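Examining the three-dimensional arrangement
Here's the letter readout for the chains.
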Amino acid sequence: MKVLVVEKNSTTTTTIAKALSGKDYTVEVAADGETGLNLATSLHYDLILLDLSDAKLDGIALCRQLRAQDKQTPILLLASLEAKQNLIAALEAGADDYIMQPLDPPRLIERMQVLLGRRKAEIAPSVLTWGDLRLSTTATQVTYRERPLSLSPKEYQLLELFLLHPQKLFRRSTIIEHLWSIGESPSLAAVTNLIKDLRQKLKLAGMEFDPIETIYGTGYRLKTPPQNGSIAGKREIPDKERLSIKSLEFPHRPEAPNSPFYIERPPIEELAYSEISFPGSVICIKSPPKMGKSSLLNQLLSYGKAQGYTTARIDFMQADESIFERIDKFLRWFCANVSLQLKLPARLDDYWDVEIGSKVSCTMYFEAYILEEISTPLVLALNELDRLFDYAKIAQEFLPLLRSWHEHAQTNEAFEKLRIVMVKYPEIYLDLPRNQSPFNIGLVLELPEFNLEQIQTLADRYELNWQSNQNAEKLMAMVGGHPYLVRLALYYLSRGEITLNQLLQSAPTQMQVYREYLRNIWMILHRTPLVMGAIKRLLNEPEDAKLDSAISYKLESLGLIKVENNQAKLRCELYRIYLEEQLLITAKSF
């Protein structure tokens, strides 16, 4: 509860603050009536403690002005013997009750609770519910399925705020206004952390459905509770969207923005959506192959369009081999592609000048033409950036250019419009000074594997009847949380072509589900003897194998290993079993 104390006497305010400390109250003090009126009319308070006598604006006048502005916040008067004769006038002006000074803390708290209880009874029931979650406003207690939850005062106030206004969208700044005093001055990140903490406690209490909805770039609100006891957390797919076995698409490409099979990995998405709103921002999405980089990119571009941004996507795998012969040719191809996607005529010759060089020409093309022609921020997505690393001279010219555009945004209004999103493998093996690299600035998002809950959620999306996490745990024991390997398994399971036990038994073999995927990995290893030798060392000495940094980079880029604390290990059991069997077969053939 947020309490405003309008009182000039510091001894009295100290007494009040001590009495209310540790009792779910946030206290804010105004030393005079004018300050109190400004705060009470501009911010939210649950209760006002008001001194009757003030030289600038007395309590009676303050009450009248608040009620005239339809402010119905309960007012408890702090009356002295000298001002007793003014009590009736103050009550008629809109005050709700009074207490005589000197203050008796227990008595003060009792009068406050009566007023707050009376106010809550007017605006809300004494018990607020959301499914099996119950909040008693009279007992200040929260229970889930009749089991009490231990919440901090701020967590309780936040939950109460959502339950009192179930359809209202709260910005983080509004939540700060409700829960914190001016003197505390929390950052917006404090709200994010508070939301996270509340979600965690609700989850630990057994709630399977997160009741708080994040509206990215805007704020938070309470979700609609699940109906008829259905388990939430699962995406409810309308009948017209339900996928029959025949219509299920093989998971061979990135997920579309509206795909029911896209699984969020908090806080990745929220961080990306937030970062893209900043002028001149740079986001680097990195992970091994088939971990969901392009799917996240699709989500980010869709989000940008929803915000009214202009978007362009450059895929370097679409460039002809000849494009990488010279930096001038490459940059002209790059500018022409961006122009094409923005439906702008390519005017390269108007800005290209051999005397100033291709990088300055490219910069001028963006600054004076592309960014000048659009009126909204431009989200420029650079997909498959790793292809540039095969052309070191191009990479060493182009990557520092991207960094310079980010730095221009600090002083250049045109480049403030530009938001760059890069998609790449985890590491680069390229000699590039740190002060020229675009990979150590901005927001770096390294995609993690799915956790158990996310695998279970994806199984729900495939409408598999997995009542507990046991099946998800079995699958995870074989393929880890690798998004592609998980989804491939769930695809075949949902079609009814194979059972989970059959899949797990045949997974590391040359049969069925992972046959083509594993065969491609084996062919890559077979063509690279040094990399194959590193795999043999990892299999023979899993705890002590030391790998050359270039070899380690290659294996990590392929997604075959994870490096933790400078120790490389195979990413999952599937790879270990398959590679051991293939090496054994190869050895027997000689």
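Residues numbered from 1 in each chain as written. Predicted model: local features only at pLDDT ≥ 70, side-chain atom pairs only at ≥ 80, totals over all residues. Heavy atoms only, no water.

**Brief notes about the sheet that holds strand S5 (residues 97-100)**
Taken together, 5 strands build an open sheet; the order of strands is S2-S1-S3-S4-S5 and the sheet is parallel. Strands with a single pairing partner mark the edges of an open sheet, and in this sheet they are strand S2 (26-30) and S5. Each strand of the sheet is rotated relative to its neighbour by a mean of 20°, with strand direction disregarded. (Pairing = 2+ DSSP bridges. Helix = DSSP H or I, 4+ residues; strand = E, 2+ residues; numbered from the N terminus. Axes fitted to C-alpha atoms, helices over the stretch in contact; angles between N-to-C directions.)

**Some thoughts on the state of the cysteines**
Per the counting criterion, the structure on display carries 0 disulfides. Cys 362 provides the cysteine sulfur closest to Cys 284, a residue in no disulfide bond, and the two sulfurs are 19 Å apart. The buried category is assigned to Cys 284, whose relative accessible area is 1%. (Disulfide = S-S within 2.5 Å. Buried < 20%, exposed > 50% of the residue type's maximum accessible area, 1.4 Å probe, protein only.)

**Details of helix H13 (residues 358-373)**
If you check H13, its first and last C-alpha atoms are 21 Å apart, about what 16 residues at 1.5 Å a residue would give, namely 22 Å. Taken as a whole, H13 carries its principal kink of about 35° at Phe 366. Among the residues of H13, those classed as buried are Ser 358, Ser 361, Cys 362, Thr 363, Tyr 365, Phe 366, Tyr 369, Ile 370 and Leu 371. Tucked inside the fold, the buried residues of H13 contact helix H11 (327-341), helix H12 (348-351), strand S14 (378-383), helix H14 (392-408), helix H15 (413-416) and strand S15 (418-424). (Expected span 1.5 Å × (residues − 1). Bend = angle between axes of the 7 residues up to and from the residue. Contact = heavy atoms within 4.5 Å.)

**Things to note about the sheet that holds strand S7 (residues 133-136)**
Ordered by their spatial adjacency, 4 strands build an open sheet running S6-S7-S8-S9, and the pairing between neighbours is antiparallel. The open sheet has two free edges, formed respectively by strand S6 (127-130) and strand S9 (147-149), since each of these has just one partner strand. The average angle at which neighbouring strand axes cross in this sheet is 25°, direction not considered. Strands in contact with helix H6 (residues 153-164) are S6, S7 and strand S8 (141-144); relative to S7, the strand with the most contacts, it is inclined by about 105°.

**Re the pairing of strand S4 (residues 75-79)**
The buried fraction of S4 amounts to 5 of the 5 residues, a majority that puts the element mostly inside the structure. The alternating pattern of S4 places Ile 75, Leu 77 and Ala 79 on one face and Leu 76 and Leu 78 on the opposite face, and all of these are buried. Taken together, the 4 bridges between strand S3 (residues 47-51) and S4 define a ladder with parallel strand orientation. By the bridge assignment for S4, Ile 48 is matched with Ile 75. Summarising the sheet, S4 and S5 pair through 4 bridges and their orientation is parallel. The partner of Leu 77 across the bridge, within S5, is Tyr 98.

**Quick word on the packing of aromatic side chains**
Considering all chains together, one arrives at 22 aromatic pairs under this definition. Judged by centre distance (6.4 Å) and plane angle (75°), the rings of Phe 250 and Tyr 492 are edge-to-face. With Phe 250 in the loop between strand S11 (219-222) and helix H9 (268-275) and Tyr 492 in helix H18 (residues 483-494), the pair connects residues that are 242 residues apart, well separated along the chain. Plain terms: the ring middles of Phe 324 and Tyr 391 are 4.4 Å apart, the flat faces sit at 5° to each other, and that makes the pair stacked. A residue pair is termed long-range when its members are at least 10 positions apart, and Phe 324 in the loop between strand S13 (310-315) and H11 and Tyr 391 in the loop between S14 and H14 qualify at 67 residues. What makes Tyr 391 buried here is its relative accessible area of 17%. If you follow Lys 2 out to its NZ or CZ, it ends over the ring of Tyr 45, 5.4 Å from the centre. The aromatic ring of Tyr 369 is capped on one face by Arg 347, whose charged end is 4.9 Å from the ring centroid. (Phe/Tyr/Trp six-rings, centres within 6.5 Å; stacked < 30°, edge-to-face > 60°. Lys NZ or Arg CZ within 6 Å of the ring centre and 35° of its normal.)

**Some thoughts on unusual backbone geometry**
Here the bond from Gln 101 into Pro 102 is cis, since omega is 5°, no more than 30 degrees from zero. Along the chain, Pro 102 turns up in the loop between S5 and helix H5 (105-123). Here the bond from Pro 266 into Pro 267 is cis, since omega is 0°, no more than 30 degrees from zero. Within the fold, Pro 267 resides in the loop between S11 and H9.

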